Amino acid sequence: MTILPAENTTFPVTVELAVIGAGACGAIAALSAAQAGIETLVLERDPVPAGSTSLSAGMIPAAGTAIQAAACINDTAELLIADLMGKNKNRADPALVRAVAQISGPTVDWLTQDLGIDLTLVEGFLYPGFSRLRMHAPPRRAGVDLVGDLTSKFSERNVDLICDAHVTGLYADNNGQIYGLRFRRPDGTEETIGCKALILACNGYGGNAQLVAEHIPEMADALYFGHPGNQGDAVLWGTALGAASRHLTGYQGHGSVAHPHGILISWAPMMEGGFQVNQSGRRFSNEHLGYSEQAAEVLRQPAHAAWCIYDEAREAPMAEFADYIQAKASGAIKTADTIEALAETLGLPQDAMRQTVTEVETFISGTAQCPYGRDFTGKAQLRAPYKAVRVTGALFHTQGGLVIDENARVLRDDGSALPNLFAGGGAACGVSGPEPSGYLSGNGLLTATTLGRLAGLAAARQLGRVKPPTER
Ligand SMILES: Cc1cc2nc3c(=O)[nH]c(=O)nc-3n(C[C@H](O)[C@H](O)[C@H](O)COP(=O)(O)OP(=O)(O)OC[C@H]3O[C@@H](n4cnc5c(N)ncnc54)[C@H](O)[C@@H]3O)c2cc1C
C-alpha cells in the first residue's frame, strides 16, 4: 500500500467522491453522498461486493427506530450510549460514541423507509450489555442479504461501482490532500482515477497476519473468520499520510464458531440459560460477559475447544438464522434425550457433565451461586431434548483504526483533520476501546452503518452540497 506523489500527475477521469470498499460502510457512504447529488464511485477489490458484512449475521444495533416504536420498545440514544460506555468501560471516545448512537436510529429508518431495505427486529433474547431489544437484521439474519440489498440500489441511486479493482496506492501531497488513486486489475494492469474526496471503507487488518501478530498477539494463531481482503490498507495509508491511529489492540472475537464446520452459532442460547463446558465437561467462565472476550477463554481450553450446551427451547430463537440452519444441515448440532447420552455423543465424561448440569440447576433455582459470577436466576431449567455444538474461538474483525471525528474525518495526532479524507466501519477506530471485552454486540455494523452515513453526508457537505433532506 503506497502513497504516491500527486505533483505532475494527471488522471484520465476525476470523480467528486471515491469510496474504497463495498461492504456496509462503503455502500451506505456512497448511497448517502449520491443522494446529496455527489458523483460517487465505489472501488471494490473482489469480483462481487461481499466483505465481512456478507459473512455477518447482518445484525445492526440502533436506538429509537420506527421498527422499535412499532414493537413498543422505548429506546433512546442515551440508553445506547450508556450501554456502549458501560461495555467499553469508558475507554472509547465519548464524542464519537454520542455521534454514532445519535445517528443509529435515523440511519436504520433511512435504510428501511427511504432505501426500502428489509430489516426486522431481532426478538427473543437480549445480547450481553443490551438494555433494550435493538438489533435490526435482514429476515434471514444473513449479512449477504444486506450487502445484496444495498448494492442493488447503486444504479437507481447513481452510484458507480468498479469491481475487481484492488486499490494499491493513493496520490497525495505533503499536506495529506488526496488527489486520486491507483488500482490493479486481476490481469495485473493498473489504472488511475482522480477524486476530490476519499472515503476509506476497506475495514481493518484482521486478514493481515503480520499486523494481527504485532497488535493482537493473543489471536495470532486463532482462526480468522472475517473477510481475507481486509489487509489493513486504511491504517497503513492513513498513518503514512500523518493520521493518528488508536486502540489497535481492540478486536471482536467470538467464542462460538462451530468446529470444524466453521459456522457461527448465535450467542442466544448462552443468554437464556445455556452454558459452555470444556473437554472435562466443566464450565470455565461467565458466558454473560460477552461472546467477544469468550473467544480467548475458549482458546485457552484444552484443544482450543468448548461445547455449547442448551436445549430445544433455547434453540427456538435461532430457527430462522441462516447460519444455524446451515449448522443443523451440516451435522454440527447434536441432540440427545438425556445428559448422559449427550455426553456420550460428544465424547465428554458423563459424571462431570451430570454434575455440571446439576450445578447449573442450583444456580437457576438460586440455591447456589455461580463461581464465575453469572446470574442464572429467572431462566428456565434445561429440559430434554438437549442440544450441543462443539465450538472454537475466532477473530472476527479488528476494532482499532484511524482516529476520526464526529463527521468521520480522519484526524492527525494534533487533532487537525486531513483535508479530504474520511473513514468508517472497520477502517476507523470504533467504539469498543482497546480490549475485546469492550465490544458490545453489533459494534461492527453499528460503526459500519453510522460512520458510513456520517462520512457520506460530511463528504457531500465538504464538496459543497446542501444538507440532504433525509439527514436528521
Ligand atoms: C462471521 C461474522 C459475523 C458477524 N456478525 C456481525 C453482526 O451480526 N453484527 C455486527 O454488527 N457485526 C458483525 N460482524 C462484524 C461486521 O461484519 C463488520 O464489522 C462489518 O461488516 C464491517 O463493515 P465494513 O464495511 O467496514 O467492512 P467490510 O464489509 O469487510 O467491507 C470492506 C470491503 O473493502 C474491500 N477492500 C479492502 N481493501 C481494499 C482495497 N485495497 N481496494 C479495494 N477494496 C478493498 C473488501 O474486499 C471488502 O469488500 C461479523 C463479522 C463476522 C466475521
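Because the structure is a prediction, the values reported are computed rather than measured. (Residues numbered from 1 in each chain as written. Predicted model: local features only at pLDDT ≥ 70, side-chain atom pairs only at ≥ 80, totals over all residues. Heavy atoms only, no water.)

## Description of empty space enclosed by the protein
Step number 1: For the coordinates displayed, the defined rule picks out three cavities of 30 Å³ or more.
Step number 2: In this structure, the second largest cavity encloses a volume near 50 Å³.
Step number 3: For the second largest cavity, the full set of lining residues is Ala92, Asp93, Leu96, Arg246, Val403, Ile404, Cys429 and Gly430.
Step number 4: Tallied by class, the residues present in the lining of the second largest cavity amount to five nonpolar, one polar and two charged. (1 Å grid on protein atoms, 1.4 Å probe; cavity = no way out; pocket = protein on both sides within 12 Å on 5 of 7 lines; lining within 4 Å. Points joined across faces, edges and corners; volume = space filled by probe spheres on them. Nonpolar A, V, L, I, M, F, W, Y, C, P; charged D, E, K, R; others polar.)

## Focus on the site of the ligand
Step number 1: Around the ligand there are 42 residues in total, and Glu44, Ser52, Thr53, Asp233 and Leu445 lie nearest to it.
Step number 2: The contact in question runs from an oxygen atom of the ligand to an N or O atom on the side chain of Thr53, over 2.5 Å.
Step number 3: Gly426 is positioned with one of its backbone polar atoms (N or O) 3.0 Å from an oxygen atom of the ligand.
Step number 4: A total of 1000 Å² of accessible area belongs to the ligand in isolation, and the protein chains cover 98% of it.
Step number 5: Of all the secondary structure elements, the ones that give two or more residues to the shell around the ligand are α1 (24-35), α2 (51-55), β8 (166-172), α8 (233-240), β18 (386-398) and α15 (443-462).
Step number 6: With four residues, the single largest contributor to the shell around the ligand is α2.
Step number 7: Taken together, the residues of the shell around the ligand sort by class into 19 nonpolar, 19 polar and four charged. (Near = heavy atom within 4 Å. Polar contact = N/O pair within 3.5 Å; in protein donor to acceptor, adjacent residues only side chain to side chain. Areas by Shrake-Rupley, 256 points an atom, 1.4 Å probe, with all protein chains shown as cover. Helix = DSSP H or I, 4+ residues; strand = E, 2+ residues; numbered from the N terminus.)

## Let's talk about the environment of Gly400
Step number 1: Relative to the assigned elements, Gly400 resides in the loop between β18 and β19 (401-402).
Step number 2: Residues Gly400 and Phe321, 79 residues apart in the sequence, show an inter-C-alpha distance of 29 Å.
Step number 3: Setting aside its immediate chain neighbours within four residues, Gly400 contacts Tyr205, Arg246, His247, Leu248, Gly250, Gly426, Ala428 and Cys429. (Contact = heavy atoms within 4.5 Å.)

## Topic: the nonpolar core
Step number 1: Grouped together as the largest cluster of nonpolar side chains are 117 residues, with contacts concentrated most on Leu181, Leu198 and Leu200.
Step number 2: If you tally residues by element for this core, the top one is α15, at 10 residues.
Step number 3: Two domains each donate at least three residues to this core, and these are domain 1 (2-250 + 399-462) and domain 2 (252-395).
Step number 4: Contact partners of Leu181, with chain neighbours within four places excluded, come to Phe11, Ala18, Ile20, Leu43, Val167, Gly169, Leu170, Tyr171, Glu191, Thr192, Ile193 and Leu198.
Step number 5: Residues Trp307, Met353, Val357 and Val360 belong to the second largest nonpolar core, which totals 20 residues. (Core = buried A, V, L, I, M, F, W, Y, C linked by side-chain atoms within 4.5 Å. Buried < 20%, exposed > 50% of the residue type's maximum accessible area, 1.4 Å probe, protein only. Domains from an automatic or database assignment.)

## Looking at the domain arrangement of the chain
Step number 1: Its domain assignment divides the chain into domain 1 (2-250 + 399-462) and domain 2 (252-395).
Step number 2: The centre of domain 1, based on its C-alpha atoms, is set 32 Å off from the matching centre of domain 2.
Step number 3: Taken together, the contact pairs 27 residues of domain 1 with 27 residues of domain 2.
Step number 4: Put simply, domain 1 and domain 2 have two salt bridges between them.
Step number 5: Among the ionic pairs, Glu320 bridges to Arg141, the shortest N-O distance being 3.7 Å.
Step number 6: Remark: the boundary between domain 1 and domain 2 carries eight residue pairs in polar contact (both at pLDDT 80 or more). (Salt bridge = Lys/Arg side-chain N within 4 Å of Asp/Glu carboxyl O.)

## Considering helix α13 (residues 339-346)
Each α-helix turn comprises 3.6 residues. Residues three or four places apart therefore point the same way.
Step number 1: Within α13 the residues assigned to the buried category are Ile339, Leu342, Ala343 and Leu346. Looking straight down α13, one finds its buried side chains confined to an arc of 100°; they lie on one side.
Step number 2: Lining the buried residues of α13 we find β16 (306-311), β17 (333-336), α14 (350-365) and β18.
Step number 3: A positive backbone phi angle near 75° is found at Gly347, which sits one or two residues after α13. (Arc of directions from axis to C-beta.)

## Looking at the packing of α13 against α14
Step number 1: Their axes nearest at 9 Å, the elements α13 and α14 cross at an angle of 130°. Classed by the angle they form, the pair α13 and α14 counts as oblique. Crossing of α13 against α14: the hand is right-handed. Packed against α13, whose contacting residues are Ile339, Glu340, Leu342, Ala343 and Glu344, the element α14 presents Gln350, Met353, Arg354 and Val357 at the interface.
Step number 2: Along the lines of polarity and charge, the residues of the contact of α13 with α14 split into five nonpolar, one polar and three charged. (Axes fitted to C-alpha atoms, helices over the stretch in contact; angles between N-to-C directions. Parallel < 35°, antiparallel > 145°, perpendicular 65-115°, else oblique. Left-handed = near helix turned anticlockwise from the far one by under 90°.)

## Side note on the side chain of Asp83
Step number 1: As for its placement among the helices and strands, Asp83 is situated in helix α4 (residues 77-87).
Step number 2: By relative accessible area, which is 11% here, Asp83 ends up buried.
Step number 3: At 2.8 Å, the side chain of Asp83 and the side chain of Ser131 are in polar contact.
Step number 4: Not counting residues within four places of it along the chain, the set of residues in contact with Asp83 comprises Gly129, Phe130, Ser131, Arg132, Arg134 and Leu440.

## Things to note about the sheet that holds strand β6 (residues 135-137)
Step number 1: The three strands lie next to each other as β4-β6-β5, forming an open sheet whose pairing is antiparallel. Looking at the sheet topology across the chains shown, the edges are occupied by β4 (60-61) and β5 (120-121).
Step number 2: As paired strands, β4 and β6 are joined by two bridges and run antiparallel to one another. Along β6, the bridge assignment pairs Ile60 with His136. (Pairing = 2+ DSSP bridges.)

## With respect to unusual backbone geometry
Step number 1: Backbone torsion omega between His259 and Pro260 reads 10°, so that peptide bond is classified as cis.
Step number 2: With respect to the helices and strands, the residue Pro260 is situated in the loop between β13 (251-258) and β14 (263-264).
Step number 3: The omega torsion across Ala384 and Pro385 is 0°, close enough to zero to call that bond cis.
Step number 4: For Pro385, the position within the fold is in the loop between α14 and β18.

## Focus on the pattern of salt bridges
Step number 1: Under the criterion given, the structure shown has 20 salt bridges.
Step number 2: In this structure, Asp114 and Arg157 form a salt bridge, with 3.0 Å as the shortest nitrogen-oxygen distance. Of this pair, Asp114 sits in helix α5 (residues 94-114) while Arg157 sits in the loop between α6 (143-151) and β7 (159-162), placing them 43 residues apart in sequence.
Step number 3: For Asp114, a relative accessible area of 26% puts it in the partly exposed group.

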